[in-house]
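Take a look at the letters that make up each chain.
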Amino acid sequence: MELESLGVFLKTRRDRITPADLELRTYGATRRVPGLRREELAQLAGVSAGYYTRLEQDQAGTASPQVIDALARVLRLDAAETAHLHNLAGRPTTPRLTRDEPERAHPRVLALLDALGDTMPALVLGRRGDVLAWNHSGHALFAEHLDFAAPADPVERPSIPRQFFLDPLTRDLHRNWDELARIHVGYLRLTAGRYPTDARLAELIGELSMRSTEFATLWAEGEVADCTVGTMRLQHPTVGSVDVDYQVWLQPDSPDHRLEVYTARNEASADALHLLRGAPAARRPTRQTPEDQAFTGEHS
């Protein structure tokens, strides 16, 4: 999977901004591009047309933070898109992919997850969206068809992006699948900008692009999103309709990892979650393996 370049991202953002959006006069001239012309963007950002053209062709080397901020302002990028633009601008032209050791949740994150008990569904997610741990209610809400012990095995642990785009049961679970699919793709793009040398992440994006037409289509649109809060509307096979809000707790000790917690949006959903907690529980293995117990505090 070829990594996204600064030039490619700039072009997708330039194509979506029209002169009318910026109140530019076009004098009725026929335009051959869907959005701004390169020279228009360059002028508004205060750089030469030649320099901007080299940026978009990935031939200008690195760009200063001031130039990137100016381009982001003209292109009306939000905070996540601007961060992504800076990540791409600071990345080596040909980064060398590396393969890290499998991720493990920090013991303090696991302690927080255990402290939640089953009062609310919760998952610990790794950099690439792998489930590193979950409580019983989180497992029952999102993946009761999978083994509760799966996150303990790096080979078997569930991948939320793979489940979302490749597993029919997961797709049927989400009533607002289309909305969430865009968020998943946008967050993967943001993560890829942060970690351009992550071979496992590049392989995941390549796999999804090959196996899911919908993922490939959304990826080509170039959207970026930071997945921190939102709503999931579920049709659960056991308890029926459930609407939950999710929020992400970032971990200072493990900035790559997220503790995602889900709360009911209404009384009916709260009743459904209560019923789900009372459903027959899957076996609950010891959460940490002996190797994890020897964990020293570093994470991959």
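Residues numbered from 1 in each chain as written. Predicted model: local features only at pLDDT ≥ 70, side-chain atom pairs only at ≥ 80, totals over all residues. Heavy atoms only, no water.

> Please clarify how the overall build of the protein should be interpreted in this entry.
Counting its secondary structure elements, the protein contains 14 helices and five strands. Look at the contacts in the protein between residues 6 or more apart in sequence, and 63% of them connect residues 24 or more apart. Total accessible area on the protein stands at roughly 15,000 Å², and carbon and sulfur atoms take up 51% of it. (Helix = DSSP H or I, 4+ residues; strand = E, 2+ residues; numbered from the N terminus. Contact = heavy atoms within 4.5 Å. Areas by Shrake-Rupley, 256 points an atom, 1.4 Å probe, with all protein chains shown as cover.)

> For this particular structure, what's the right way to read the environment of Thr228?
Within the secondary structure, Thr228 sits in the loop between helix 12 (213-220) and strand 3 (229-236). Residues Thr228 and Glu260, spaced 32 residues apart in sequence, show a C-alpha to C-alpha distance of 8.5 Å.

> Which parts of the structure should I look at to understand the packing of aromatic side chains?
Two measures describe an aromatic ring pair: the distance that separates the ring centres and the angle between the ring planes. A complete count under the given rule lists six aromatic pairs for this structure. Ring centres of Phe164 and Phe165 lie 5.8 Å apart, and the angle between their planes is 65 degrees; on these two criteria the pair is classed as edge-to-face. Here the aromatic rings of Phe215 and Trp219 are separated by 5.8 Å at their centres, their planes lie at 15 degrees, and the arrangement is stacked. Here the residue Phe215 and the residue Trp219 both occupy positions in helix 12, the gap between them amounting to four residues, near one helical turn. When its relative accessible area of 0% is taken as the criterion, Phe215 is described as buried. Ring pairs connect the aromatic residues Phe164, Phe165, Trp177, Phe215 and Trp219, which therefore count as one cluster. Of note, Arg127 hangs over the ring of Tyr195, and the distance from its end group to the ring centre comes to 3.9 Å. Cation over ring: Arg189 sits above Trp219, and NZ or CZ is 3.9 Å from the ring centre. (Phe/Tyr/Trp six-rings, centres within 6.5 Å; stacked < 30°, edge-to-face > 60°. Buried < 20%, exposed > 50% of the residue type's maximum accessible area, 1.4 Å probe, protein only. Lys NZ or Arg CZ within 6 Å of the ring centre and 35° of its normal.)

> Where do I start with the sheet that holds strand 4 (residues 240-251) in this structure?
Note on sheets: strands pair through backbone hydrogen bonds, and any given pair is parallel or antiparallel. Spatially, five strands are ordered 2-1-5-4-3 in an open sheet, and the strand pairing comes out antiparallel. Two strands in the sheet have a free side with no partner beyond their single neighbour: strand 2 (131-134) and strand 3. Adjacent strand axes in the sheet meet at a mean angle of 25 degrees when their direction is disregarded. Taken together, the eight bridges between strand 3 and strand 4 define a ladder with antiparallel strand orientation. From the neighbouring strand, Gln235 faces strand 4, where its bridge partner is Ser241. (Pairing = 2+ DSSP bridges. Axes fitted to C-alpha atoms, helices over the stretch in contact; angles between N-to-C directions.)

> Could you clarify how one ought to interpret the pairing of strand 2 in this entry?
Looking along a regular strand, one sees the side chains alternate between the two faces of the sheet. Sheet topology places strand 1 (residues 122-125) next to strand 2; three bridges connect them, and they run antiparallel. Paired with Val124 across the strands is Ala133, a residue of strand 2.

> Would you take a moment to explain the confidence of the model for the protein for this structure?
Any region with low pLDDT has predicted coordinates that should not be read closely. Looking at the protein, the pLDDT average stands at 86 and 88% of residues meet or exceed 70. Between residues 280-300, whose pLDDT stays under 50, and residues either more than four places distant or in other chains, the model counts 41 contacts. (pLDDT = per-residue confidence, 0-100.)

> Got a minute to help me understand the pairing of strand 1 in this structure?
Along strand 1, one buried face is formed by Ala122 and Val124 and the opposite face, lined by Leu123 and Leu125, is buried too. Bridge count for strand 1 against strand 5 (residues 254-264) is four bridges, and the pairing is antiparallel. Residue pairing across strands places Ala122 opposite Val261, the latter belonging to strand 5. With antiparallel pairing between neighbouring strands as the criterion, strand 1 and strand 2 make up a hairpin whose turn holds five residues, including Gly129 at a positive phi of roughly 90 degrees.

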